Amino acid sequence: MASFEVWDVVKVPFPFTNRPVEHHRPALIVARHDKAGSPDLLWVLMITSGTHRRW
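## Concerning unusual backbone geometry
Now for step 1: A positive phi angle, near 80°, is found at Trp7, a position not held by glycine.
Now for step 2: For Trp7, the position within the fold is in the segment before strand 1 (9-15).
Now for step 3: Looking at Trp7, the relative accessible area reads 61%, which means it is exposed.

See the structure below:
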């Protein structure tokens, strides 16, 4: 597995709910959990240029 650090920007596939496709978007790693014996876990936030969009 690649090595990621907090504050790294990564490219993540985000799927669409209404189409069977996905687009790669930038995301910011805000936390990681890599305790011995547990699965690797990254918390990421999508980076977007959308302003005041309803999710």
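## Describing the environment of Leu42
Now for step 1: Inspection of the secondary structure assignment puts Leu42 in strand 3 (residues 41-46).
Now for step 2: Classification of Leu42 by relative accessible area gives partly exposed; the value is 31%.
Now for step 3: Setting aside chain neighbours within four positions, we find Leu42 in contact with Phe4, Ile29, Ala31 and Arg32.

About the cut-offs
- Residues numbered from 1 in each chain as written.
- Predicted model: local features only at pLDDT ≥ 70, side-chain atom pairs only at ≥ 80, totals over all residues.
- Heavy atoms only, no water.
- Helix = DSSP H or I, 4+ residues; strand = E, 2+ residues; numbered from the N terminus.
- Buried < 20%, exposed > 50% of the residue type's maximum accessible area, 1.4 Å probe, protein only.
- Contact = heavy atoms within 4.5 Å.

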